[in-house]
Amino acid sequence: MTLVALVILVLIGICAGLFGALAGVGGGIIVTPLLAIYFGLPMHQAIGVTLLCVIATSTATSSQYVEHHVTDVRLGMTLELATTTGALLAALVASRIDRRTLAILFACFLLYSSGSMVRKAWTSRHEEREEVIPDYTPQKYPLGLLASFVAGGFSGLLGIGGGPIKVPVMYLFMKVPLRVAAATSNFMIGVTAATSAYIYWGRGDVRVNIAAPLVAGVFAGSLAGTRIAPKVRTFYILMLLVGVTGWLSVQMIYKLLTGGFR
Amino acid sequence: MSRRDDAADRVLSLTLKAGAYTAFGLIVLGLFLQRIKGLSFSTAGLMVLLATPVIRIAVAGVQFLREHDLKYALVSLGVLAIVVLAYVLGIQT
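Please read these numbers as outputs of a predicted model, since none were measured by experiment. Every chain begins its residue count from 1, and numbering advances along the sequence as written. Chain letters start at A and ligand numbers start at 1, both assigned in the order the entries are written. Local features in a predicted model are, by the rule used here, given only for residues with pLDDT of at least 70; side-chain atom pairs are given and counted only at 80 or more, and totals for whole chains, interfaces and linings are based on all residues. With hydrogens and water excluded, all non-hydrogen atoms of the structure serve as input to the side-chain values.

## Some points on the overall build of chain A
Okay, step 1: For the purposes of this entry, the term helix denotes a DSSP run of H or I that reaches at least four residues, the term strand denotes a run of E that reaches at least two, and both are numbered from the N terminus. Broken down by element type, chain A carries 10 helices and zero strands.
Okay, step 2: The linear arrangement of helices and strands in chain A, starting from the amino end, is α-α-α-α-α-α-α-α-α-α.
Okay, step 3: Rg of the C-alpha trace for chain A: 17 Å, near the compact-globule value of 18 Å for 262 residues, within the 12% margin.
Okay, step 4: Summarising its shape, the C-alpha atoms of chain A cover approximately 50 × 35 × 30 Å along the three principal directions.
Okay, step 5: Each residue's exposure class comes from its accessible area (1.4 Å probe, protein chains only) as a fraction of the maximum for that residue type: buried when under 20%, exposed when over 50%, partly exposed otherwise. Looking at chain A residue by residue over its 262 residues, the buried ones come to 62%.
Okay, step 6: Contacts: residue pairs with any heavy atoms within 4.5 Å of one another. Residue pairs at least 24 apart in sequence account for 85% of intrachain contacts in chain A once pairs closer than 6 positions are excluded. The quantity called the radius of gyration is restricted to C-alpha atoms. Its globule counterpart is 2.2 Å times the number of residues to the power 0.38.

Rendered as structure tokens:
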């Protein structure tokens, strides 16, 4: 690999790590399309590498939340029973799905995430940090487990974390405070992504020379991101991320229509 | 309230931090030595990265046992079983 490509991969990793730490989403969703569109990686390999970036974001950022007792470890562990099962099954199925279908699924997911981020940005306009976490007892475990199973499935299939599915379900239906839901989802993502990453790694879909510079960048970006997070308005980060994912989905659709991803 | 067990959270947080910094250090070392010694350090770093989530399940499980919380110790064991199954299906075969 050329030095230029190496530097670009590190920079992409830093951006993904920053987005992951600051917006709580998007660590993974920008890496897969960038690798597939601009580096010409087959979808399965792009997803395999992205899974490692997702683990890196989760590991680097969740230690902070655990330390400050924002993460509900018991709730996370329970839902992980479902996310890991979904991730394992989906990772096994993914190899039978052709590249083009995967690309179409991913493009749909990108559009959905862009939409959900616009909504999140809109509600976080005048955000006030809830300093004290109110007492709560998680409700409706069966629904939470089902949503986690689906989120895990998407993670194994597309290499994403599945936060846009889990967080709303935990917040709206399980009655978990939003900050706890986000931190717990982030905590779970590492284990979920690792489960499917083993399958991708075993299949030879994780290219070390591409994953190493990306993951190094993701670590640097996530660690820096958690430090500057209190000083940054989430609204601007989310709007920036919406712009990036919007652009990437247009690029993916264009490439699909012109017969790419074969 | 279950979220407030300080010591357990600190051990778990330390596990995650140790994994993150070890993997990061090895990968960066690998990137600099790439041209001389191949990809061995990078691969080792990525392996640490892949192992950290599994170690943190085990650590959480042990913490639950120490708090005599058998229910969640069993839940941790269940998650560990699924992840190990993925490892066996993926990397070993």
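## Details of the overall build of chain B
Okay, step 1: Each helix and strand in chain B was counted, giving three helices and zero strands.
Okay, step 2: The helix and strand sequence of chain B, counted from the amino end, reads α-α-α.
Okay, step 3: Across chain B, every contact between residues at least 6 apart in sequence was considered, and the portion connecting residues at least 24 apart equals 46%.
Okay, step 4: Per-residue accessibility takes into account occlusion by the displayed protein chains alone, with areas from the Shrake-Rupley method and a 1.4 Å probe. In the form shown here, chain B has an accessible surface area of approximately 4800 Å², with 72% of it arising from carbon and sulfur atoms.

## Observations concerning the pattern of salt bridges
Okay, step 1: The salt bridge definition used is simple: a Lys or Arg side-chain nitrogen within 4 Å of an Asp or Glu carboxyl oxygen. Tallying each qualifying case throughout the model produces four salt bridges over all chains.
Okay, step 2: A salt bridge links E67 of chain A to K17 of chain B, with the nearest nitrogen and oxygen atoms 2.9 Å apart. Placement of E67 of chain A in helix α3 (residues 43–67) and of K17 of chain B in helix α1 (residues 6–37) is noted, with the two residues assigned to different chains.
Okay, step 3: Of the charged contacts, one joins E80 of chain A and R56 of chain B as a salt bridge, the two residues approaching to 2.8 Å between their closest N and O atoms.

## Quick word on the state of the cysteines
Okay, step 1: Only a pair of cysteine sulfur atoms within 2.5 Å counts as a disulfide in this structure description. A complete count under the given rule lists zero disulfides over all chains for this structure.
Okay, step 2: The closest cysteine sulfur to the non-disulfide-bonded C53 of chain A is located on C15 of chain A, 12 Å from its own sulfur.

## Concerning the interface of chain B and chain A
Okay, step 1: Tallying the contact residues gives 50 residues for chain B and 53 residues for chain A.
Okay, step 2: Roughly 4500 Å² is buried in total at the junction of chain B and chain A, and carbon and sulfur atoms are behind 73% of that figure.
Okay, step 3: N or O atoms closer than or at 3.5 Å make up a polar contact, with two conditions inside protein: a donor-capable atom paired with an acceptor-capable one, and, for residues adjacent in sequence, both atoms drawn from side chains. Counting every contact that joins chain B to chain A gives nine residue pairs in polar contact (both at pLDDT 80 or more).
Okay, step 4: Only α1, α2 (40–66) and α3 (70–92) of chain B provide two or more residues apiece to the side of chain B that touches chain A.
Okay, step 5: Here the side of chain B that touches chain A takes 15 residues from α1 of chain B, the largest share from any one element.
Okay, step 6: In terms of residue class, the side of chain B that touches chain A is made up of 31 nonpolar, nine polar and 10 charged. Buried surface area refers to the total accessible area, computed with a probe of radius 1.4 Å, that the two partners give up upon joining, counted for both partners together. Each residue is assigned to one of three groups, with Ala, Val, Leu, Ile, Met, Phe, Trp, Tyr, Cys and Pro labelled nonpolar, Asp, Glu, Lys and Arg labelled charged, and all others, Gly among them, labelled polar.

## Observations regarding the side chain of H69 of chain A
Okay, step 1: Within the fold, H69 of chain A resides in the loop between α3 and α4 (73–94).
Okay, step 2: Relative accessible area serves as the criterion here: at 17%, H69 of chain A is assigned to the buried category.

## Looking at the environment of T184 of chain A
All names here are of chain A.
Okay, step 1: With respect to the helices and strands, T184 occurs in helix α8 (residues 178–202).
Okay, step 2: The exposure class assigned to T184 is buried, which follows from its relative accessible area of 0%.
Okay, step 3: As a C-alpha pair, T184 and V31 span 153 residues in sequence and 23 Å in three-dimensional space.
Okay, step 4: A distance of 3.1 Å separates a polar side-chain atom of T184 from the backbone nitrogen of D72.
Okay, step 5: Polar side-chain contacts of T184 include one of 2.7 Å to the backbone oxygen of V180.

## Overview of a nonpolar patch on the surface
Residues and elements named next belong to chain A.
Okay, step 1: Patch members must show over 30% relative accessible area and no salt bridge, and they are joined within 9 Å when carrying like charges or within 5 Å when they are nonpolar side chains of Val, Leu, Ile, Met, Phe, Trp or Tyr. A cluster of nonpolar side chains, L89, L143, L146, F149, V150, F154, Y171, L172, F173 and L178, forms an exposed patch at the surface whose accessible area comes to about 860 Å².
Okay, step 2: Counting only elements with at least two residues in the nonpolar patch, the list comes to α6 (141–158) and α7 (163–172).
Okay, step 3: Turning to its location among the elements, V150 is positioned in helix α6.

## A word on the side chain of D69 of chain B
Okay, step 1: Looking at the element boundaries, D69 of chain B is found in the loop between α2 and α3.
Okay, step 2: Apart from the residues lying within four places of it in its own chain, the contact partners of D69 of chain B are R74 of chain A together with F64 of chain B.

## A few points about the nonpolar core
Okay, step 1: Judged by nonpolar contacts, the single largest core of 97 residues is most densely connected at L35, M43, L52, L214 and M252 of chain A together with L46 and L49 of chain B.
Okay, step 2: Apart from residues no more than four positions distant in its own chain, L46 of chain B is found in contact with L52, W201, V208, A211, A212 and V215 of chain A together with I27 of chain B.
Okay, step 3: Remark: nonpolar core denotes a set of buried residues (Ala, Val, Leu, Ile, Met, Phe, Trp, Tyr, Cys) joined through side-chain atoms within 4.5 Å. Counting 13 residues, the second-largest nonpolar core is a separate cluster that includes V70, L75, M170 and V176 of chain A.

## Here we look at unusual backbone geometry
All names here are of chain A.
Okay, step 1: With a phi close to 60°, H69 is a non-glycine residue in the positive phi region.
Okay, step 2: Its identity is not glycine, yet K175 carries a phi of approximately 60°, on the positive side.
Okay, step 3: Structurally, the position occupied by K175 is in the loop between α7 and α8.
Okay, step 4: Taking the relative accessible area as the measure of exposure, K175 reaches 52% and is therefore exposed.

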